[in-house]
Structures are given as structure tokens and as C-alpha cells.
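Fold and contact review
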Amino acid sequence: MITVFGEGRGFRVVWLLEEMGLPYRLRPVDLLAGVEKDAEYLAINPAGFIPAIQDGDVTMVESIAIMEYLMARYGPTPLAPGSHDPAFPAYQQFLHLGEAGLAASMFFVLGARNFGPEAERDNWTARQALGVFESRLGLVTRQLARSPYMAGERFTAADISVTYALELAQRAIGFALGEAEQAYVARTSGRDAYKRAMAVCHATRAWAAETAGRLTQ
């Protein structure tokens with residue numbers, strides 16, 4: 001049984017597990033309550049961030065690395081095109097862009113806007129991070145003009161990576177996606193595996209509902 005520790009970016013991992021039909025359990029980690037109080041989790045990941053997994057004797061952190069491990073360990077799967085597949089370069093690029101270029105940048109904007117002192121919520125670093133996010137988003141927009149998914153005509157794990165980042169931007173700061181990105185997120189989040197993952201991830205579901213309520217007011 002694979003154990004997933006924490007939601008947040010752990011949603012990517014849960015969604016992937018649902019797509020692959022692998023058994024798992026989700027163990028919540030409450031960062032807001034203070035991870036220093038969670039000795040069991042700190043024994044898994046002393047750095048204290050989420051997500052992490054345990055799979056037998058294997059312990060891993062970093063959501064994209066975890067996804068690659070699961071697909072390699074329990075594949076093959078159409079979610080990960082092979083290295084000789086024409087879709088592979090785009091798949092590899094957007095799998096990592098979803099974190100390195102998009103979600104990682106938005107994390108700093110989120111932190112400043114939601115947790116920083118009032119005078120620092122629109123500081124230089126937050127503006128720079130938002131600019132990085134927007135520039136990388138341009139690559140997603142260009143790709144969507146060519147194909148319905150990040151790697152071409154079929155859904156892959158790259159779409160899990162990118163969709164998470166786009167939804168993070170919407171929920172964290174109310175970032176307004178363009179029409180192409182909105183249609184893309186509607187496509188990917190309409191998948192049955194996404195819906196099952198959302199049903200399991202109670203905190204993510206609550207945050208999504210709260211955000212949706214604010215955006216429609």
C-alpha cells in the first residue's frame with residue numbers, strides 16, 4: 001500500500017494514482033497547524049514540506065519526482081510517453097514546467113499575498129515571481145493553440161502537473177486564466193480520476209469550493 005503524506009502538491013500524486021488505478025492511502029499533514037508538532041511526519045521528511053510517499057522501503061519527496069517514480073515502477077502507462085514517442089519531448093518539458101516554471105513561482109506570490117505583512121504583500125520578489133509565472137504560462141498558451149493537451153492529442157502526466165499549477169494560481173491569488181487555459185482546465189478536471197482524487201483530498205476540495213464562492217460573488 002502506497003502512503004501519500006499531505007495534500008497541496010500531493011494532489012498531483014493522488015490524481016496520478018487514481019489515473020493508474022493503484023491502491024493508496026492519504027495521510028493528512030497540517031502545515032498551518034505546525035509541522036513541528038507532527039513527529040511521525042518529520043520522521044518521514046525532516047525538511048517538513050509536502051508531499052512525501054512511502055512505498056514499502058521507498059521514501060520520496062517532490063511531487064514530480066514521485067510521479068516519475070510511480071510511473072516507472074508500476075508502468076508502463078500511457079500517462080508517460082516512451083522516449084522514442086514523438087510526444088516525449090513536449091511531455092517531458094511540460095511535466096517539469098508545471099512545477100519549476102509555474103507552481104514554484106506562484107508559491108512565492110501566494111506566500112506574500114496571503115501571509116506576508118501588509119506592507120510587503122506586493123514586494124519586488126512577489127512581482128518578479130508573478131512575472132516568471134506569466135512568462136511560462138505563455139508556453140502553455142502556445143501549446144494549447146497547437147493541441148488539446150500538453151503533449152499533443154492525449155492526456156498525460158504533464159497535464160496533471162500543469163493543471164495543478166493553473167488551479168493553484170486561480171485559488172491562491174484569483175489569477176484570471178485566458179479562454180484557452182480555462183477550457184483546458186475544464187477538460188482535464190472533468191476526468192473521472194480527477195473527481196475521485198478531489199473526493200479523497202478533503203482540504204483541497206474545501207479550498208476549491210471556498211475559492212469558487214469568492215470568484216462568483
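Throughout what follows, the structure given in this document is the object of discussion. Since we're looking at a predicted model, the values are computed, not measured.

Strands sit in the order β2-β1-β3-β4 across an open sheet of four strands; the sheet is mixed. Only two strands of the sheet have a single neighbouring strand rather than two, namely β2 (24–27) and β4 (58–61). Taken over all neighbouring pairs, the strand axes of this sheet differ in orientation by 20 degrees on average, direction set aside. Of the pairings in the sheet, the one linking strand β1 (residues 2–5) to β2 comprises four bridges and is parallel in character. Each residue of the ladder has a partner; that of F5, found in β2, is R27.

Turning our eyes to something else, we now look at the nonpolar core. Ranked by internal contacts, the top residues of the largest apolar core, which has 59 residues, are L16, L70, V140 and L166. Ranked by residues supplied to this core, first place goes to helix α6 (residues 157–173) with 10 residues. Excluding its chain neighbours within four sequence positions, the residues that come into contact with L16 are M67, L70, M71, L79, A157 and I160. Counting seven residues, the second largest nonpolar core, distinct from the first, contains F5, I44, I50 and A52.

With that settled, consider unusual backbone geometry. At the junction of I50 and P51, the peptide bond is cis and its omega measures out at 5 degrees in the coordinates. You can see P51 is positioned in the loop between α2 (39–44) and β3 (52–55). Its identity as a non-glycine residue notwithstanding, E62 has a phi of 80 degrees, on the positive side. Summarising the element assignment, E62 is placed in the loop between β4 and α3 (63–74).

Now for the packing of aromatic side chains. Between two aromatic rings, the relevant description is the distance of the centres plus the angle of the planes. One pass over the full model with this rule turns up nine aromatic pairs. Ring centres of F107 and F108 lie 5.4 Å apart, and the angle between their planes is 85 degrees; this geometry places the pair in the edge-to-face category. When the ring of F133 is compared with that of F175, the centres are 5.1 Å apart and the planes differ by 75 degrees; the resulting orientation is edge-to-face. One end of the pair, F133, is in helix α5 (residues 124–144); the other, F175, is in the loop between α6 and α7 (179–189), and 42 residues separate them in sequence. A residue is classified by how much of its surface remains accessible, and F175, at 14% relative accessible area, is buried. A connected cluster of aromatic rings, assembled from ring pairs, spans F11, W15, Y149, F155 and Y194.

Think of it this way: side chains of opposite charge can pair up when their charged atoms draw near. Going through the model one piece at a time under the given rule, you end up with 10 salt bridges. Taking the shortest distance from any N to any O, the salt bridge between R27 and E40 comes out at 2.7 Å. With R27 in strand β2 and E40 in helix α2, this pair connects stretches of sequence that are 13 residues apart. Classification of R27 as buried rests on a relative accessible area of 12%. Measuring nitrogen to oxygen at the nearest pair gives 4.0 Å for the salt bridge that ties D122 to R127.

So, about the pairing of β3. The side chains of a regular strand alternate between both faces of the sheet. Summarising the sheet, β1 and β3 pair through three bridges and their orientation is antiparallel. Bridge pairing in β3 links F5 to A52. One ladder, built from four bridges, connects β3 with β4; its direction is antiparallel. Its bridge partner lying in β4, D55 is registered against V58. Between the antiparallel neighbours β3 and β4 lie two residues, among them G56 with a positive phi of about 65 degrees.

With that settled, the discussion passes to the environment of N123. The topology assignment puts N123 in the loop between α4 (88–115) and α5. Accessibility expressed as a relative area gives 26% for N123, which makes it partly exposed. Each C-alpha atom of the pair N123 and A112 lies 7.7 Å from the other, and the pair is 11 residues apart in sequence. Within polar-contact distance, the side chain of N123 engages the backbone nitrogen of T125 at 3.2 Å. Looking at N123, its side chain comes within polar contact range of the main-chain nitrogen of A126, at 2.7 Å.

Rules used in this analysis
Residues numbered from 1 in each chain as written. Predicted model: local features only at pLDDT ≥ 70, side-chain atom pairs only at ≥ 80, totals over all residues. Heavy atoms only, no water. Pairing = 2+ DSSP bridges. Helix = DSSP H or I, 4+ residues; strand = E, 2+ residues; numbered from the N terminus. Axes fitted to C-alpha atoms, helices over the stretch in contact; angles between N-to-C directions. Core = buried A, V, L, I, M, F, W, Y, C linked by side-chain atoms within 4.5 Å. Buried < 20%, exposed > 50% of the residue type's maximum accessible area, 1.4 Å probe, protein only. Contact = heavy atoms within 4.5 Å. Phe/Tyr/Trp six-rings, centres within 6.5 Å; stacked < 30°, edge-to-face > 60°. Salt bridge = Lys/Arg side-chain N within 4 Å of Asp/Glu carboxyl O. Polar contact = N/O pair within 3.5 Å; in protein donor to acceptor, adjacent residues only side chain to side chain.

Shape is all these values report; function is a separate question.
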